[in-house]
Amino acid sequence: MLLSETRPSTLRATKVFVVDAFAKRPFTGNPAAVCLLDEPRDEGWMQALAREMNLSETAFVTARDEGYELRWFTPAKEVDLCGHATLASAHVLWQRGFREREIDFHTRSGLLTVSREQREIVMRFPAERAVATEPPAGLCEALGVDPVWTGRNRFDYLVEVADAEVVADLKPDFAALAGVPTRGVMVTAPGGSHSEFDFVSRFFAPAYGVDEDPVTGSAHCCLGPYWAERLGRAELWGYQMSRRGGTVHVTVLDDHVLLGGTAVTITAGASIP
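Residues numbered from 1 in each chain as written. Predicted model: local features only at pLDDT ≥ 70, side-chain atom pairs only at ≥ 80, totals over all residues. Heavy atoms only, no water.

Colleague: I would appreciate a short explanation of the state of the cysteines in the present structure.
Modeller: Simply put, disulfide is the name for a covalent bond between the sulfur atoms of two cysteines. Counted under the stated rule, the structure contains 0 disulfides. Lacking any disulfide linkage, Cys140 is separated from the closest cysteine sulfur, that of Cys222, by 16 Å. Here Cys140 falls in the buried class, since its relative accessible area comes to 14%. Note on Cys222: no disulfide assigned, nearest cysteine sulfur contributed by Cys221 at a separation of 8.7 Å. (Disulfide = S-S within 2.5 Å. Buried < 20%, exposed > 50% of the residue type's maximum accessible area, 1.4 Å probe, protein only.)

Colleague: It is not clear to me how the pattern of salt bridges should be interpreted in this structure. Could you clarify?
Modeller: Evaluated as defined, the whole model comprises 11 salt bridges. Between Arg101 and Glu117 there is a salt bridge, with its nearest N and O atoms 2.7 Å apart. Taken together, the positions of Arg101 in the loop between helix 2 (84-95) and strand 6 (102-107) and Glu117 in the loop between strand 7 (110-116) and strand 8 (121-126) put the pair 16 residues apart, joining distant regions of the chain. Owing to a relative accessible area of 31%, Glu117 belongs among the partly exposed residues under this scheme. A cluster of three or more residues bridged by salt bridges with shared partners is formed by Glu43, Arg71, Glu78, Asp80 and Arg108. (Salt bridge = Lys/Arg side-chain N within 4 Å of Asp/Glu carboxyl O. Helix = DSSP H or I, 4+ residues; strand = E, 2+ residues; numbered from the N terminus.)

Colleague: Can you help me understand the packing of aromatic side chains in this one?
Modeller: Within a pair of aromatic rings, the relevant descriptors are the distance that separates the centres and the angle that separates the planes. Within the structure shown, the criterion is met by 9 aromatic pairs. Plain terms: the ring middles of Phe60 and Phe73 are 5.6 Å apart, the flat faces sit at 90° to each other, and that makes the pair edge-to-face. Of this pair, Phe60 sits in strand 3 (residues 58-63) while Phe73 sits in strand 4 (residues 68-73); the two residues are 13 residues apart in sequence, bridging distant segments of the chain. On the basis of relative accessibility, which here comes to 2%, the residue Phe60 falls in the buried class. Residues Tyr68 and Phe105 carry aromatic rings whose centres are separated by 6.4 Å and whose planes lie at 45° to one another, so their mutual orientation is tilted. Of the two residues, Tyr68 is situated in strand 4 and Phe105 in strand 6; the sequence distance between them amounts to 37 residues. With respect to burial, Tyr68 and Phe105 carry one shared label: buried. (Phe/Tyr/Trp six-rings, centres within 6.5 Å; stacked < 30°, edge-to-face > 60°.)

Colleague: Would you take a moment to explain the pairing of strand 15 (residues 235-240) for this structure?
Modeller: Two faces, one strand: in a regular strand the side chains alternate between the faces of the sheet. A one-sided burial pattern is seen for strand 15, the buried positions being Leu236, Gly238 and Gln240 and the unburied ones Glu235, Trp237 and Tyr239. Relative to strand 15, strand 13 (residues 199-205) runs parallel, the two sharing 3 bridges. Each bridged residue has a counterpart across the sheet, and for Val200 the counterpart in strand 15 is Tyr239. A loop of 5 residues connects strand 15 with strand 16 (residues 246-252), the two strands running antiparallel in sequence, and Gly245 in this loop sits at a positive phi of about 75°. (Pairing = 2+ DSSP bridges.)

If you want it as structure tokens, here you go:
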């Protein structure tokens, strides 16, 4: 079968969709805008549309000879890796008629392969392990916590706190947190002996125009390996304790993680000039 025969014909027109990712019902999980481009657009136009959509991420999908090019923009800037908008993009393509079980996305973080399984969409992402480090000046004060452990990967700081109650009760000083030199900050704790989840988390990225991200796939590229090492298991379930909330199914491989979730379309196919 020719690759062009597997693609939805709707890519011939520029359309935008809103999808709740890592969600089983509307108005939960993390909303992302997905823009199917009929031709490449310049960065200024994409950033302007992302600012107009005013969601934590807007994904731009363009067909190419092999798979699709995928780029992600917050309302403030382009990012190198985004999980929930990738899940949302794959969900839209399958809904619009893409017939293959796997989709290849070419991104700023390399080739990302997304597959359609029976109960969830599974994304193969790079593992982004954190290395222990002292917290930078002002981080713990901005969060209002006494950390159990702090570390950093190439994107974010990771802060473990005592328990899930501390995570749930966080009220960060976002203005102060925006001054910390990082994309974002993950705060995490064990799920607890009575929880159905192995770990919980929240994610803050005010420097990138997102005070709190509802459910952050790329954060689980770090959270998965972190908790897999501590719990001695490769397959884990994480819950992001934002107001909307969302569940991420994580399987840790050597250099990659598999991130699983479901999605719900909220609006479909608005035309973009």
